Amino acid sequence: MAASAFEAAVAVTRLGLGARPGEIDRVAADPRGWALGQIRAEGAPQPSGAAVSTAERMEAFLAYQASGTGRREAAAPGGAPDPTAEAARQARQAARRAITEDTARGFLDRVRLGLETDQGFAERWALFWANALTVSAAKFTAGAFVDTYEREAIRPHVFGRFEDLVLAAEQHPAMLLYLDQARSAGPDSRAGARRRLGLNENLAREMLELHTVGANGGYDQADVTELARALTGWSIPRQQDRQRADGGGFVFRPEIHEPGVRTVMGRTYAQTGRRQGEAILRDLARHPATARRLSRRIAAHFVADNPPPALVARLEAAWTGSQGDLAQVARALIEAPETWTPQAAKIKTPYEFVVSAGRALDEGPRRPALLRQALIAMGQPPFAPPSPEGWPDTAADWAGPDALVKRLNWARTTAGAAVVTDVNAVALSALGRRMGERTRSAVARAESRPEALTLLLMSPEFQRR
């Protein structure tokens, strides 16, 4: 029973999002079964709330773009602002504000899911893949779709085949806009030659470097350019051709597709329009270097910054043996003995810290604006990773002196506002057998409930997973 109780604490705090009251006890009968039972063909749970679809968001986005078309900047007679230009400016601001508020609600829905779900592993798995195939609201055009991207391109596919997940991600408007693919055109295509349009290699480069084989995967600059040529035509709708879009807002434009046979990493691909880029991407998804790289990244995210080689080997074997079936990779992670080591080696990101604290205290954000401010202060603003690499994932990135001071400030504020009668019970419920004697003693001897809660939230056991 003692071993199961300890493993239950590890399961909920390492593989999951942190323990809600009573959760460790409920999981203790079968910690591995708790995680394995969350691997479902339909993917990860979806946030609740009145979520809009990508197609609906595209309507709002096209309206935003249209509001900035043909604006008149000239002043009216007498030097007064041109009322037409001012009306257009206000319409554009209103459209942008509506999209921003909608995506903010989408983020809050995701936070609430994290606070309330009993499928902590499935949620952590979905967040991992959203970060591995990152888009960022730091760029407004991509941010307009960042919440629908996670709901429609990531969550339904996280327990399916990786090639289906990565294809859904690359063809979503959020990715096409984030990496400027919607602006890429083949110089020798019908429209490219006439309008002198140019090639953009951003999506092709990140497909290779970050999404599949990796920088050491054996490709070179010629492969990047060839892939970029194959991807030309992948785009989003315009006002005049929305009927061409599929349900996810993806459009293929044959008039800007670079014609010709392409060769990428030694393989040749016939001129098949949209299917040419898809065929290349699927081969990259199946490449052994992709299995090796992403298996290590999974192990580093869930277990240790420098993951055990044996664990990486297990995940890679599951990946290659199943041809990229992510359900099999997830099972291999859960069943690996290295996953259940007593030492908690991973530092929580600010988002993980905030969500796990909310779960421990059994309460959600009372004021969403303060939640956003707290995450910004701690270095992880909502939906806005700093680069296509996604959020960093090591102690060196999140445990510096300044970062810990900001966590301490947030912990004090949260502890002061929390409604808790028995902090010792909260500590035991949150950490279970993972709580050490020093933390137990510090919490018990604290002079006040806010001080005790602050000590709990800032304890090594709570900061690590």
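As the structure is a prediction and not an experimental result, all values here were calculated from the model.

Undergrad: Even after reading the chapter, I still don't get the layout of surface pockets, so can you show me in this structure?
TA: One simple way to see leftover space: roll a probe sized like a water molecule over the atoms. Its boundaries defined by the atoms lining it, the largest pocket holds a volume of some 1000 Å³. Lining the largest pocket are 43 residues; nearest its centre among them are Asn131, Arg297, Glu389, Gly390 and Trp391. Elements with a contribution of two residues or more to the lining of the largest pocket: helix H5 (83-116), helix H6 (120-132), helix H8 (146-154), helix H12 (202-211), helix H15 (288-302) and helix H18 (350-361). It is H15 that contributes the most residues to the lining of the largest pocket, 7 residues altogether. A per-class count over the lining of the largest pocket returns 21 nonpolar, 10 polar and 12 charged. Of the voids in this model, the second largest pocket is the one considered here, and its volume is about 520 Å³.

Undergrad: Help me understand the side chain of serine 356 in this model?
TA: With respect to the helices and strands, serine 356 occurs in helix H18. In terms of polar contacts, serine 356 uses its side chain to reach the backbone carbonyl oxygen of glutamate 352, at 2.8 Å. What serine 356 contacts, discounting residues up to four positions off in sequence, is Leu17, Gly18, Lys348 and Phe462.

Undergrad: Just checking my understanding: could you explain empty space enclosed by the protein for this structure?
TA: Per the counting criterion, the structure on display carries 2 cavities of 30 Å³ or more. Approximately 60 Å³ is the volume found for the largest cavity. The set of elements that each furnish at least two residues to the lining of the largest cavity consists of H18, helix H22 (423-431) and helix H25 (460-463). When the residues that make up the lining of the largest cavity are grouped by side-chain class, the tally is 6 nonpolar, 3 polar and 4 charged. Along its surface, the second largest cavity is lined by Thr13, Gly16, Leu17, Gly18, Arg124, Lys348, Glu352, Val355, Ser356 and Arg465. Take the lining of the second largest cavity: its biggest share by element is 3 residues, from H18. Among the residues forming the lining of the second largest cavity, the class breakdown is 2 nonpolar, 4 polar and 4 charged.

Undergrad: It is not clear to me how the pattern of salt bridges should be interpreted in this structure. Could you clarify?
TA: Close approach of charged atoms lets side chains of opposite charge pair. Per the stated rule, a full pass over the model turns up 32 salt bridges. Arginine 105 serves as the salt-bridge partner of aspartate 102, at 3.1 Å between the closest nitrogen and oxygen. With aspartate 102 and arginine 105 both in helix H5 and 3 residues apart, the pair spans about one turn of that helix. On the basis of relative accessibility, which here comes to 15%, the residue aspartate 102 falls in the buried class.

Undergrad: Help me understand the packing of H22 against helix H24 (residues 449-457) in this model?
TA: Axes are the key here: two packed helices are described by the angle between their axes and the distance separating the axes. Direction vectors running N to C along H22 and H24 enclose 15°, while the axes themselves pass 10 Å from each other. In terms of their interaxial angle, H22 and H24 are classed as roughly parallel. Relative to H24, the crossing made by H22 is right-handed. Here Val423, Val426, Ala427 and Leu431 of H22 lie close against H24, whose contacting residues are Arg449, Ala452, Leu453 and Leu456. Looking at the contact of H22 with H24 residue by residue, the class counts come to 7 nonpolar, no polar and 1 charged.

Cut-off values and rules
Residues numbered from 1 in each chain as written. Predicted model: local features only at pLDDT ≥ 70, side-chain atom pairs only at ≥ 80, totals over all residues. Heavy atoms only, no water. 1 Å grid on protein atoms, 1.4 Å probe; cavity = no way out; pocket = protein on both sides within 12 Å on 5 of 7 lines; lining within 4 Å. Points joined across faces, edges and corners; volume = space filled by probe spheres on them. Helix = DSSP H or I, 4+ residues; strand = E, 2+ residues; numbered from the N terminus. Nonpolar A, V, L, I, M, F, W, Y, C, P; charged D, E, K, R; others polar. Polar contact = N/O pair within 3.5 Å; in protein donor to acceptor, adjacent residues only side chain to side chain. Contact = heavy atoms within 4.5 Å. Salt bridge = Lys/Arg side-chain N within 4 Å of Asp/Glu carboxyl O. Buried < 20%, exposed > 50% of the residue type's maximum accessible area, 1.4 Å probe, protein only. Axes fitted to C-alpha atoms, helices over the stretch in contact; angles between N-to-C directions. Parallel < 35°, antiparallel > 145°, perpendicular 65-115°, else oblique. Left-handed = near helix turned anticlockwise from the far one by under 90°.

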